[in-house]
Amino acid sequence: MSARDPIADLRRIAFLLERANEATYRVRAFRSAAKALAALPPAEVAERARTGKLTELAGVGDVTARCVAESLAGEEPVYLRRLVATEGSDLDVAATDLRTALRGDCHTHSDWSDGGSPIEEMALAAVELGHEYLVLTDHSPRLKVARGLTADRLRRQLDHVEQVNAALPEGFRILTGIEVDILADGSLDQDEELLARLDVVVGSVHSGLNDERSKMTRRMLAAIANPHLDILGHCTGRMVSSRPAGVTGPGDRGHRARTRKESDFDADAVFAACAEHGVAVEINSRPERQDPPKRLIRRALEAGCVFAINTDAHAPGQLDWQRFGCERAARCGVPANRVVNTWSAEELVAWAVDRPAR
Ligand SMILES: [Zn+2]
Ligand SMILES: [Zn+2]
């Protein structure tokens, strides 16, 4: 007999989710599973767990079935352990620790595309914040509304960054990069030779955000399999209207606050591919984005992905928005060693070259 009661574990998870004010449908998954199992004799539950037939029961899904199996094996379910580890008052501490561990930012824009400030000013603000590096990721050609850089302009930017770097304080550097559009067929919107030359490549979907599920999934999977893609930017494309206290106004061109629902894609397939190819999932800190939502951060974590907590800053002051991303990451139990921008510039650049799967 197991030393743990799987039904009690499911209820405990539901309770902790409710207390953390998580979405009702997530709570319901655990409550329904607990109810379904409570209606059966314990021996049948154990037998179904042993033969993988728990999910045949109405109300029991893959996640809840895994919890039950772990519980019956006498282990605290991973899901529960993570909730317990991140519950309550030490969240602030966890978020602060994560923010302190960040050594740079992998998604930022200058006035070369739709940002409001010159590269030099972005860099100096990053130095002030204590960063060791800033990855400059202006937009790619197809994003005309954001003055995306043609191959020629990007080449000129690379020369310019070299000069700016020479004048910056020792111990800090601008890393080269791009926020490249993931095109309709999943290809990346910049010359291959240039993508290979950049230190870090963030890829994002900015068009056709309402594509139907299978099309969007195929598109994202093709981009993730591209050896040049290092970080998957704001993966759902959602825009939420709420802003944290103290943040007012749209703040920049091109990213005006408006609501937009999440793109529809097979998140398990996408995160499994990210884990397989070593592509980092971005936790975008912009208050109007908060992308991905927490439930997807948790799924990416379960899938074994690494993350990048980025600001997507379009102005120097916005470089301080990492705190918002850290809070969401901490709520989901993302450990610092799974966040690529807690690594040194050398480690980050080396990682981006061959991105070992985890
Ligand atoms: Zn973007
Ligand atoms: Zn951006």
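Our structure is the block above this text.
Residues numbered from 1 in each chain as written. Chains lettered and ligands numbered in written order. Predicted model: local features only at pLDDT ≥ 70, side-chain atom pairs only at ≥ 80, totals over all residues. Heavy atoms only, no water.

Enquirer: Just to check I follow, could you spell out the packing of helix 6 (residues 91-101) against helix 13 (residues 322-331) for this structure?
Expert: Geometrically, a packed helix pair is captured by the angle between its two axes and the distance between the axes. Contact geometry of helix 6 with helix 13 gives a least axis separation of 8 Å together with a crossing angle of 125°. In terms of axis orientation, helix 6 runs oblique to helix 13. The crossing of helix 6 and helix 13 is right-handed. Here Leu91, Asp92, Ala94, Ala95, Thr96, Leu98 and Arg99 of helix 6 come into contact with helix 13, specifically with Gln322, Arg323, Cys326, Glu327, Ala329, Ala330 and Arg331. Tallied by class, residues from the contact of helix 6 with helix 13 come to seven nonpolar, two polar and five charged. (Axes fitted to C-alpha atoms, helices over the stretch in contact; angles between N-to-C directions. Helix = DSSP H or I, 4+ residues; strand = E, 2+ residues; numbered from the N terminus. Parallel < 35°, antiparallel > 145°, perpendicular 65-115°, else oblique. Left-handed = near helix turned anticlockwise from the far one by under 90°. Contact = heavy atoms within 4.5 Å. Nonpolar A, V, L, I, M, F, W, Y, C, P; charged D, E, K, R; others polar.)

Enquirer: Quick question: what am I supposed to make of the coordination of the zinc ion (ligand 2) here?
Expert: Reference values for coordination geometry: four tetrahedral donors around a metal ideally subtend 109.5 degrees, six octahedral donors ideally subtend 90 or 180 degrees. Those donors, His107 (NE2), His109 (NE2), Glu179 (OE) and Asp312 (OD), are the protein atoms that reach the zinc ion (ligand 2), and they lie 2.1 to 2.2 Å from it. Relative to the metal, the four donor atoms surrounding the zinc ion (ligand 2) lie at angles of 82 to 167°, and the coordination shape comes out irregular. Between consecutive donor residues of the zinc ion (ligand 2), the sequence gaps follow H-x1-H-x69-E-x132-D. For the pair the zinc ion (ligand 2) and the zinc ion (ligand 1), the metal-to-metal distance amounts to 3.4 Å, and Glu179 bridges them. Highlighted residues: His107 in strand 1 (residues 104-108) and Glu179 in strand 3 (residues 173-181), separated in sequence by 72 residues. Glu179 gets classed as buried once you look at its relative accessible area, which sits at 0%. (Donors = N, O, S within 2.8 Å, 3.2 Å for Na, K, Ca; no water. Tetrahedral: all angles 85-135°; square planar, octahedral: opposite > 155°, others 65-115°. Buried < 20%, exposed > 50% of the residue type's maximum accessible area, 1.4 Å probe, protein only.)

Enquirer: Any chance you could explain helix 4 (residues 62-72) here in plain terms?
Expert: The α-helix winds at 3.6 residues per turn, so residues separated by three or four positions along the chain end up facing the same way. Taken together, the buried positions of helix 4 are Thr64, Ala65, Cys67, Val68, Glu70 and Ser71. Phi turns positive, to about 85°, at Gly74, one or two residues after helix 4.

Enquirer: Hey, could you run me through the pattern of salt bridges in this one?
Expert: A pair can form between side chains of opposite charge whenever their charged atoms are brought close. All chains considered together, the criterion is met by 22 salt bridges. Between Arg213 and Asp264 there is a salt bridge, with its nearest N and O atoms 2.9 Å apart. With Arg213 in helix 10 (residues 213-225) and Asp264 in the loop between strand 5 (231-232) and helix 11 (267-277), this pair connects stretches of sequence that are 51 residues apart. Classification of Arg213 as partly exposed rests on a relative accessible area of 40%. The residue Asp268 makes a salt bridge to Arg299 at a minimum N-O spacing of 3.2 Å. (Salt bridge = Lys/Arg side-chain N within 4 Å of Asp/Glu carboxyl O.)

Enquirer: Would you mind going over the pairing of strand 7 (residues 307-310) with me for this structure?
Expert: Consecutive side chains along a regular strand alternate between the two faces of the sheet. Residues Phe307 and Ile309 point to one face of strand 7 and Ala308 and Asn310 to the other, with burial holding for every one of them. Looking at chain direction, strand 6 (residues 280-284) and strand 7 are connected through four bridges and run parallel. Considered in strand 7, the bridge of Ile283 is made with Ile309. This β-α-β element, strand 6 to helix 12 (residues 294-303) to strand 7, shows right-handed connectivity. (Pairing = 2+ DSSP bridges. Right-handed = clockwise from strand over helix to strand, strands pointing away.)

Everything listed here is a matter of geometry and, on its own, says nothing about what the molecule does.
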